[in-house]
Amino acid sequence: MPNGKRMTRRNFLGKVAVTSAGMLASTRSSVEGGLSKNHGPSAILNFSSMPDFSAVRVDFPWASRKLWLAAAETHPFNVHTIRAIESYTQYRLLGPGEGRTYFTRDMQSELKRLFADLINAKLEEIAFVMSTTAGENVVVSGMDLAHRGGNVVIDDLHFPASTYLYAALEKQGSIELRIVRHHDWKIRLTDMEKAIDRNTRLVSIALVSNINGYMHEAKAISDIAHANGALVYGDIIQAVGNTPVDIQAMGIDCAASSTYKWLMGDFGLGFLYVRKDLQGTAIKQTRYGLRALKGLKGRDFERREDASIYEETTSMPNLPGICAYEGLKYITKLGIENIRAHAKPLTDRLQKEMPALGYVPITPLDSPSPIVSFLTPDPEMTKNKLDKAFGEQVVSLSRWQKTNDKGETEIVSGIRIAVSVYNNDEDIDRLLNALST
Ligand SMILES: Cc1ncc(COP(=O)(O)O)c(C=O)c1O
């Protein structure tokens, strides 16, 4: 230690605050206040049915001090995550000791279990990957789509990285890519049915669309896919953590999600789900890292019999792991049904009040996700109003591809509002007031 002084938690944080001024300094006091007063972990454990969401709000200093209606982009950390990060960085700085934790094997396994429980999968069906896109790439190479021919069916509410992946395979002559177009910002089952046939190898959907929060009729789509011998991949990053996802009931064969959005973690770690009976068979191992092994005796590599055969490292990204662990514990304690119930009246308000301000709704009224989007007739005016009111980003302003009545693609501008556990009616008031001035 410099000067041989013991680094206590308080003077460690003090040093961080001094070096990083403003934002960090104020985060420090809120975090310490939040943890040491009434909002320790017990604040969310002590509820019988519906948690106290006003206490939850205090756990997210960013979102309780400023407006943040963009969790579909990235989710703020809660104070428990900051404490866990601090404990880990202290470990890395000072080595093992009181209050200092590593991201242990048990925690890694517990993290997978928390995710598995959240989507109704089994522990052995979950692998760590770097991101959603990395997970989908593992599936595509494991299925050997580049050499098997046939077609892949997606739709135009999918995430562009997936479209890029399959368009690249099509360009190299490996597959035929079929893109089902939306009608009125929804995907018709009849159109999926027309696109899927005996030559379909994979149907890839974003379970909840990043554009408008539209949730696919997953079970019906997977029934059609399975009847034709195809597998279903679900990009679940905009669903898991905010909406109940039952991967088995939905018939999804493989799925992936990063942890930096609704799972409240950080960038650089995600989960891949692969149904047990597909592991090493329909979806082969194409990555080789020691995490895939049970044991190692010379050249005698004993492979594990679980989804870790898809992991391509020996080590783990510990910090993102710790963040995801805290995020998933928090979500589990809150309960996914409660999270959903908390967001619903707020998204209902937006659905009701935004059209009166001239914004054109593109999210179905019965959408179960907490993402609601609207077309902005005058995007520049909307941006100016928001800049004037808040001076920084509070929602997502984007450009999307709309399929018009003639089936042609038009570029449209829109606003996407994502409601999470820390938002409340006052947040919605602030947004609506800013847009109505
Ligand atoms: C539906 C969807 N899929 C994938 C991604 C990106 O995933 P990743 O960064 O985990 O590869 C996003 C990011 O916004 C998304 O909204």
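Everything that follows concerns the structure shown earlier in this document.
Predicted model only: the values in this text are computed from it and were never measured. Residue indices follow the written sequence of each chain, beginning from 1 at its first position. In keeping with the predicted nature of the model, local features appear solely for residues at pLDDT of at least 70, side-chain atom pairs appear and are counted solely at 80 or more, and the whole-chain, interface and lining totals rest on all residues. Just so you know, side-chain values use all the structure's heavy atoms and leave hydrogens and water out.

Draft legend 1. View of helix H12 (residues 318-334). What counts as a helix is a DSSP run of H or I of at least four residues, what counts as a strand is a run of E of at least two, and both are numbered from the N terminus. Every helix has an expected span of 1.5 Å times one less than the residues it contains. Taking 1.5 Å of rise per residue, the 17 residues of H12 would be expected to cover 24 Å, and the 24 Å separating its terminal C-alpha atoms lies within 8% of that figure. Type-normalised accessible area, obtained with a 1.4 Å probe on protein chains alone, sets the label of each residue: buried when under 20%, exposed when over 50%, and partly exposed for intermediate values. Along H12, 13 of the 17 residues are buried, which leaves the element largely enclosed by surrounding structure. Positive phi shows up at Gly335, right after H12, with a value of about 90 degrees.

Draft legend 2. Summary view of the environment of Ser174. Mapped onto the elements, Ser174 comes out in the loop between helix H9 (160-171) and strand S3 (176-180). Given a relative accessible area of 7%, Ser174 falls into the buried group. Measuring from C-alpha to C-alpha, the distance between Ser174 and Ala146 comes to 4.9 Å, with 28 residues separating the pair along the chain. Apart from the residues within four sequence positions on either side, Ser174 is in contact with Leu145, Ala146, Gly149, Gly150 and Leu169. A contact between two residues is defined here by any heavy atoms of the two lying within 4.5 Å.

Draft legend 3. Up close: the pattern of salt bridges. The term salt bridge refers to a side-chain nitrogen of Lys or Arg lying within 4 Å of a carboxyl oxygen of Asp or Glu. According to the stated counting rule, one finds 23 salt bridges in the structure shown. Between Asp117 and Arg113 there is a salt bridge, and its shortest N-O distance comes to 2.7 Å. Of this pair, Asp117 and Arg113 both sit in helix H6 (residues 105-119), four residues apart, which is roughly one turn of that helix. Residue classification places Arg113 among the partly exposed positions, given a relative accessible area of 33%. Among the ionic pairs, Arg275 bridges to Asp253, the shortest N-O distance being 2.5 Å. Taken as a pair, Arg275 in the loop between strand S7 (270-274) and strand S8 (293-297) and Asp253 in the loop between strand S5 (231-235) and strand S6 (254-258) lie far apart in primary sequence, 22 residues in all. Overall, the relative accessible area of 26% leaves Arg275 in the partly exposed class. With relative accessibility at 0%, the residue Asp253 sits in the buried group. Shared partners join several salt bridges into a network, and the residues in it are Arg349, Glu353, Asp425 and Asp429.

Draft legend 4. Examining the sheet that holds strand S10 (residues 360-361) more closely. If you trace the four strands from one edge of the open sheet to the other, you get S10-S11-S13-S12, paired in antiparallel fashion. Whereas interior strands pair on both sides, the edge strands pair on one side only; in this sheet they are S10 and strand S12 (396-403). Strand pairing requires that DSSP identify at least two bridges connecting the strands. With two bridges connecting them, S10 and strand S11 (residues 371-375) associate as antiparallel partners. The residue bridging Val360 from the neighbouring strand is Leu375, located in S11. Contacting S10, S11 and strand S13 (409-418), helix H13 (residues 336-353) crosses the sheet at an angle of about 10 degrees to S11. The convention used is that axes are lines fitted to C-alpha atoms, helices contributing only their stretch in contact, and that angles between N-to-C directions extend from 0 to 180 degrees.

Draft legend 5. Here's a closer look at the sheet that holds S5. Overall, mixed pairing links the seven strands, which are arranged S1-S7-S6-S5-S4-S2-S3 in an open sheet. Of all strands in the sheet, those bounded by a partner on one side alone are strand S1 (126-129) and S3. Neighbour-to-neighbour, the strand axes of the sheet open up by a mean angle of 20 degrees, direction not taken into account. Pairing analysis gives five bridges linking strand S4 (residues 200-206) to S5, with the strands arranged parallel. In the sheet register, Ile205 faces S5, and the bridge partner there is Gly234. Across the sheet, H6 is in contact with S1 and S7; its angle to S1 comes to roughly 115 degrees.

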